[in-house]
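This is what each chain is made of:
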Amino acid sequence: MSDYTVRAARSTDIVGIHSLLEPMVEKRILLGKDLAVLYGAVQEFVVAEHDGRLIGCGALHVMWEDIGEVRTLLVHDDYLRHGVGRTIVEDLERRARDLGLQRLFCLTFETAFFTRRGFAPIGEQVVNADVYSQLLRSGDAGVEEFLDLAHVKPNTLGNTRMIKHLN
């Protein structure tokens, strides 16, 4: 299937993104996000659309000068293994390069998928001590997951922290 498009999300897509997200939250694969949070991050999202129906989404969140995070990447079950997730990640990588980012982080159960995209598991220290101390102040749950803080570990059990260096 190649008759789908990936485009920047619009505010009118948020309810559809939330609907795609809910089954993943119920399965405890992704953390839930309130509609207000999704609306506030609409500019970070891209969506995949087939015949006017949202079939997938993903977000790029800038964490620091040179690093961003792939967030809320999901594809409707009916469209898995059709290249939709790959196309969304490729679009997010292009956007990351356009912003001058050099690395992309993700926290995922789908390690094989992200490994095929060039991501690799990361260890403890991925930023220098000064950047680490600055990031601690962000108050952003995704940044706290990136930093592997102890208080987020119950939310991240079984997930793998991965990173990709962009060209």
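The following refers to the structure shown. The model shown is predicted, which means the values in this text are computed figures rather than measured ones.

## Re the overall build of the protein
So, point 1. Assigned secondary structure in the protein consists of seven helices and seven strands.
So, point 2. From first element to last, N terminus to C terminus, the protein shows the α and β order β-α-α-β-β-β-α-β-α-β-α-α-α-β.
So, point 3. Partitioning the intrachain contacts of the protein with sequence separation of at least 6 by distance along the chain shows that 69% fall at a separation of at least 24.
So, point 4. As presented, the protein carries roughly 8,900 Å² of accessible surface, and 51% of it is formed by carbon and sulfur atoms.

## A word on the sheet that holds strand S3 (residues 53-64)
So, point 1. In space, the seven strands of this open sheet follow the order S1-S2-S3-S4-S5-S7-S6, with mixed pairing throughout. Each end of this open sheet is capped by a strand with a single partner; those strands are strand S1 (5-8) and strand S6 (120-121).
So, point 2. As defined by bridge partners, strand S2 (residues 45-50) adjoins S3 across six bridges and the pair is classed as antiparallel. Opposite Phe45, over in S3, you have Ala59 as the bridge partner.
So, point 3. Seen against the sheet, helix H1 (residues 14-26) touches S2, S3 and strand S4 (67-75) and runs at an angle of roughly 95° to S3.
So, point 4. Across the sheet, helix H3 (residues 84-98) lies against S1, S2, S3, S4, strand S5 (103-108) and strand S7 (160-165), angled at about 35° from S3, the strand it touches most.

## Re H1
So, point 1. Between its first and last C-alpha atoms H1 spans 18 Å; for 13 residues at 1.5 Å apiece the expected length is 18 Å, and the two agree.
So, point 2. Turning to H1, its buried residues are Ile14, Ile17, Leu20, Leu21 and Met24.
So, point 3. Those residues of H1 that are buried lie in contact with helix H2 (35-40), S2, S3 and S4.
So, point 4. Looking one or two residues past H1, Arg28 carries a phi angle of roughly 60°, positive in sign.

## Digging into unusual backbone geometry
So, point 1. Of note in the backbone geometry, Thr72 takes a positive phi value of approximately 50° without being a glycine.
So, point 2. Mapped onto the secondary structure, Thr72 falls in strand S4.
So, point 3. We classify Thr72 as buried; its relative accessible area is 8%.
So, point 4. One non-glycine residue, Arg81, lies in positive phi territory at about 65°.
So, point 5. Mapped onto the elements, Arg81 comes out in the loop between S4 and H3.

## Some thoughts on the side chain of His50
So, point 1. Mapped onto the elements, His50 comes out in strand S2.
So, point 2. A distance of 3.4 Å separates polar atoms of two side chains, one belonging to His50 and the other to Tyr79.

## Observations regarding the environment of Phe113
So, point 1. Following the sequence through the fold, Phe113 ends up in helix H4 (residues 111-116).
So, point 2. Here Phe113 falls in the buried class, since its relative accessible area comes to 17%.
So, point 3. For the pair Phe113 and Arg86, spaced 27 residues apart in sequence, the C-alpha separation works out to 8.4 Å.
So, point 4. Setting aside residues no more than four positions away along its own chain, Phe113 makes contact with Leu73, Gly85, Arg86 and Val89.

## Observations concerning the nonpolar core
Side chains that are nonpolar tend, in soluble globular proteins, to be buried together.
So, point 1. In terms of nonpolar packing, the biggest core is built from 22 residues, with Val70, Leu73, Val84, Ile88, Leu104, Phe114 and Phe119 touching the most fellow members.
So, point 2. Where this core is concerned, the elements lending two or more residues are S2, S3, S4, H3, S5 and H4.
So, point 3. With five residues, H3 is the largest single contributor of residues to this core.
So, point 4. The residues contacting Val70, other than those within four sequence positions of it, are Ala59, Leu92, Leu104, Phe105, Cys106, Phe114 and Phe119.
So, point 5. One finds Leu20, Val42, Leu54 and Cys57 within the second-largest nonpolar core, a separate group that totals 14 residues.

Calculation rules
Residues numbered from 1 in each chain as written. Predicted model: local features only at pLDDT ≥ 70, side-chain atom pairs only at ≥ 80, totals over all residues. Heavy atoms only, no water. Helix = DSSP H or I, 4+ residues; strand = E, 2+ residues; numbered from the N terminus. Contact = heavy atoms within 4.5 Å. Areas by Shrake-Rupley, 256 points an atom, 1.4 Å probe, with all protein chains shown as cover. Pairing = 2+ DSSP bridges. Axes fitted to C-alpha atoms, helices over the stretch in contact; angles between N-to-C directions. Expected span 1.5 Å × (residues − 1). Buried < 20%, exposed > 50% of the residue type's maximum accessible area, 1.4 Å probe, protein only. Polar contact = N/O pair within 3.5 Å; in protein donor to acceptor, adjacent residues only side chain to side chain. Core = buried A, V, L, I, M, F, W, Y, C linked by side-chain atoms within 4.5 Å.

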